[in-house]
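Results of the structural survey
Here is how the chains run, residue by residue.
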Amino acid sequence: MRHVAVIGSGPAGYYTAEALDRKFGGPDAGGVRVDIIDRLPVPFGLIRSGVAPDHQSIKAVSRRYEAVALGETVRFAGNVSVGTNVTVAELLDLYDAVVLATGAPLDKPLGIAGDDLPGVIGSAAFVGWYNGHPDHARLDPPLDAAAACVIGNGNVALDVARILAKTREEFAGSDIVGHALEALAESRIARVTLVGRRGPHQIAMTPKELGELGHLARAAPRVDPADLPPAAADAALEPGTRKSVGHLRAFAAASADRPVTIDFDFFARPVEIEGADRVERLIVERTRPLADGGAEGTGETYAIPCGLVVSCIGYRTPPIPGIPYDERLGRFANTDGRVMPGLYAVGWARRGPTGTIGTNRPDGYMIADLIAEDLSGASGKPGGAGLDALLAERGVETVTFRDWQRIEAAEAARARDGAPREKFVHVAEMLAARHD
Ligand code: NAP
């Protein structure tokens, strides 16, 4: 029997467990036991806390992870914090292989003057707030000014702009948490500016997600036609980007007269955030496109008045002391997933914060192949029994998948009409609900 610990219960963690089960789970394959460890009492990482609450169809993939979790091979050990309750070194002693599937929950810093002013928020915190992540449930973002800036031209920036622009009714059927729904319903924000340092051809927004902006109840996207390159140049784009740019062209052609606008401000590089006690304006430098797809500053600056700045410029994996880390790329240093003997990284912790949920599937299967290559046979390590003994000694209350199912049922029972769940947003509430 092989014993594998996977740290992190998001998509990368569950796909890795599924792959290990398929590889070693058969009658002649020798067997495997996989413990998925998570510091929260609730599983599914980015599916629960990152995917937008109004994108329920994407969240449905958690049913696939549930099937893995309910099998013989895989166990969920929630409420166990690696680094606090148990160290990676201890896990390496207990298990034949340890997989870091910790995602990238930290914001890449903006690194400009004023980025520490109240009202400047990273997307990890803002998204975590409206999704009810316990770390960010108390964020209370300022929504009292007429304008907000959202920095970045990727899908996270789109999510944030859309959430800021929607009416209460448009959240019907979503699992946005009550505190965010109430705060957004009172929001005075009437203008959301999406700030991109390069141009329309360089956006990282996917067509389906960008197209949604054209179908909002009270808000409309606005694109300055002068920012768009000649239409003939779109032919050189990769098909997805070409489709996205098609949406931008349609937005530029439409005449938007709506109470809320989402303004695309291209060729605008943030250089400073100003305000007396809180953010009052974002200063950007006008850029011009370069032939290689880059952009250079023109020296011309202007101010965008705003009471909230959400920076959606990418994420980083938190380092763990003693584990090789690539500072520049913001992820564990690894060679195709191998970090150290017995230690692997998968998903965003391996390759950085790119790709869709589905990209983590081949990643998980690749790591299972590496583990199979590296493990010569059963080592006699204690695996989960050893972890249980250690955690019991330390008085750590582990949350099982069955416990999670009780928490999940309690969240469903208290949902608003038409909503799939009302999440518990504090760890103590989650722990209490498992006894329901
Ligand atoms: P992303 O796609 O990498 O986009 C980051 C954006 O931030 C880019 O436009 C980038 O511009 C800009 N940026 C980076 N550093 C900057 C700086 N210092 N100043 C100004 N702008 C800066 O990242 P993301 O939006 O965080 O998304 C992460 C991943 O999750 C992506 O693969 C995304 O597709 C995926 N995702 C998917 C969905 C969905 O499918 N519904 C939803 C959310 C996220 P440059 O291009 O100039 O660097």
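Below or above, wherever it landed, is the structure these notes cover.

So, how was this worked out
Residues numbered from 1 in each chain as written. Predicted model: local features only at pLDDT ≥ 70, side-chain atom pairs only at ≥ 80, totals over all residues. Heavy atoms only, no water. Phe/Tyr/Trp six-rings, centres within 6.5 Å; stacked < 30°, edge-to-face > 60°. Helix = DSSP H or I, 4+ residues; strand = E, 2+ residues; numbered from the N terminus. Buried < 20%, exposed > 50% of the residue type's maximum accessible area, 1.4 Å probe, protein only. Lys NZ or Arg CZ within 6 Å of the ring centre and 35° of its normal. Core = buried A, V, L, I, M, F, W, Y, C linked by side-chain atoms within 4.5 Å. Contact = heavy atoms within 4.5 Å. Near = heavy atom within 4 Å. Polar contact = N/O pair within 3.5 Å; in protein donor to acceptor, adjacent residues only side chain to side chain. Areas by Shrake-Rupley, 256 points an atom, 1.4 Å probe, with all protein chains shown as cover. Nonpolar A, V, L, I, M, F, W, Y, C, P; charged D, E, K, R; others polar. Domains from an automatic or database assignment. Pairing = 2+ DSSP bridges. Disulfide = S-S within 2.5 Å. Axes fitted to C-alpha atoms, helices over the stretch in contact; angles between N-to-C directions. Expected span 1.5 Å × (residues − 1). Arc of directions from axis to C-beta.

A short note on the packing of aromatic side chains
- Across all of its chains, the model carries 13 aromatic pairs by this definition.
- With a centroid separation of 5.7 Å and an interplanar angle of 10°, the aromatic rings of Tyr-14 and Tyr-65 are classed as stacked. In this pair, Tyr-14 is assigned in helix α1 (residues 11–24) and Tyr-65 in helix α4 (residues 62–69), connecting sequence segments 51 residues apart.
- By relative accessible area, which is 0% here, Tyr-65 ends up buried.
- Taken together, a centroid distance of 5.1 Å and an interplanar angle of 90° make the contact between Tyr-15 and Tyr-65 edge-to-face. You can see Tyr-15 sitting in helix α1 and its partner Tyr-65 sitting in helix α4, a full 50 residues away along the chain. We note that Tyr-15, like Tyr-65, is buried.
- Counting every residue linked through ring pairs, the aromatic cluster contains Tyr-14, Tyr-15, Phe-44, Tyr-65, Phe-76, Phe-401 and Trp-404.
- Directly above the aromatic system of Phe-171 lies the positively charged group of Lys-166, at a separation of 5.9 Å from the ring centroid.

A word on the nonpolar core
- Counting residues in hydrophobic clusters, the biggest one holds 50 residues, and the most contacted among them are Tyr-130, Val-160, Leu-164, Leu-210, Leu-248 and Phe-264.
- At seven residues, the largest contribution of residues to this core is made by helix α7 (residues 155–165).
- Residues within four places of Tyr-130 in sequence aside, it is in contact with Pro-53, Asp-159, Val-160, Ile-163, Ile-176, Val-177 and Ala-180.
- By size, the runner-up hydrophobic cluster in this structure holds 42 residues, among which are Tyr-15, Val-32, Val-34 and Ile-367.

Some remarks on the site of the ligand
- Around the ligand, 22 residues are found, and the nearest of them are Asn-153, Asn-155, Arg-197, Arg-198 and Gly-355.
- Separating an oxygen atom of the ligand from a side-chain N or O atom of Asn-155 is a distance of 2.9 Å.
- A distance of 3.1 Å separates an oxygen atom of the ligand from a polar backbone atom of Val-156.
- For the ligand, whose free accessible area comes to 920 Å², the fraction covered by protein is 79%.
- The element best represented in the shell around the ligand is α7, accounting for three residues.
- Of the residues assigned to the shell around the ligand, the class counts are ten nonpolar, seven polar and five charged.
- Lining the shell around the ligand are residues from two domains, each supplying at least three of them: domain 1 (2–105 + 317–399) and domain 2 (106–311).

Remarks on the side chain of Thr-261
- Tracing the backbone shows Thr-261 in strand β10 (residues 260–265).
- On the basis of relative accessibility, which here comes to 8%, the residue Thr-261 falls in the buried class.
- One polar contact links Thr-261 to Asp-263, side chain to side chain, over a distance of 3.3 Å.
- When neighbours within four sequence positions are excluded, Thr-261 is seen to be in contact with Ala-190, Arg-191, Val-192, Ala-220 and Arg-222.

Some thoughts on the pairing of strand β7 (residues 147–151)
- Within β7, five of the five residues are buried, which leaves the element mostly enclosed by the surrounding structure.
- Across the two faces of β7 the burial is the same, with Ala-147, Cys-149 and Ile-151 and Ala-148 and Val-150 all buried.
- Summarising the sheet, β7 and strand β8 (residues 191–195) pair through five bridges and their orientation is parallel. Note on β8: the bridge partner recorded for Ile-151 is Val-195.
- With four bridges connecting them, β7 and strand β14 (residues 308–311) associate as parallel partners. Opposite Cys-149, over in β14, you have Val-309 as the bridge partner.

Section: the state of the cysteines
- Throughout the structure, instances matching the rule amount to zero disulfides.
- Summary of cysteine pairing: Cys-149 is not part of a disulfide, and the nearest cysteine sulfur, belonging to Cys-306, is at 3.7 Å.
- There is no disulfide at Cys-312, and the cysteine sulfur nearest it, in Cys-149, is 11 Å away.
- Overall, Cys-312 belongs to the buried group, its relative accessible area being 8%.

A word on the sheet that holds strand β1 (residues 2–7)
- Strand order in the open sheet made by the six strands is β3-β2-β1-β4-β19-β18, with mixed pairing throughout. What marks the edges here is a single partner per strand, and that holds for β3 (74–77) and β18 (338–340). Strand-to-strand twist of the sheet, defined as the mean angle between neighbouring strand axes without regard to direction, takes the value 25°.
- Looking at chain direction, strand β4 (residues 97–100) and strand β19 (residues 343–345) are connected through three bridges and run parallel. Considered in β19, the bridge of Leu-100 is made with Ala-345.
- Seen against the sheet, α1 touches β1, β2 (32–37), β3 and β4 and runs at an angle of roughly 175° to β2.

Structural notes on helix α10 (residues 239–253)
- For α10, which comprises 15 residues, the first-to-last C-alpha distance of 21 Å matches the rise-based estimate of 21 Å (1.5 Å per residue) to within 8%.
- Along α10, the residues that are buried comprise Thr-241, Ser-244, Val-245, Leu-248, Phe-251 and Ala-252. Across the axial projection of α10, the buried residues extend over an arc of 105°, all falling on one side. Of the exposed residues in α10, the ones pointing more than 90 degrees away from its buried face are Pro-239, Lys-243 and Ala-253.
- Summarising the contacts, the buried residues of α10 are in contact with α9 (207–211), β9 (219–223) and β10.
- The N-capping residue of α10, defined by a side-chain oxygen 3.0 Å from the backbone nitrogen of Gly-240, is Glu-238.

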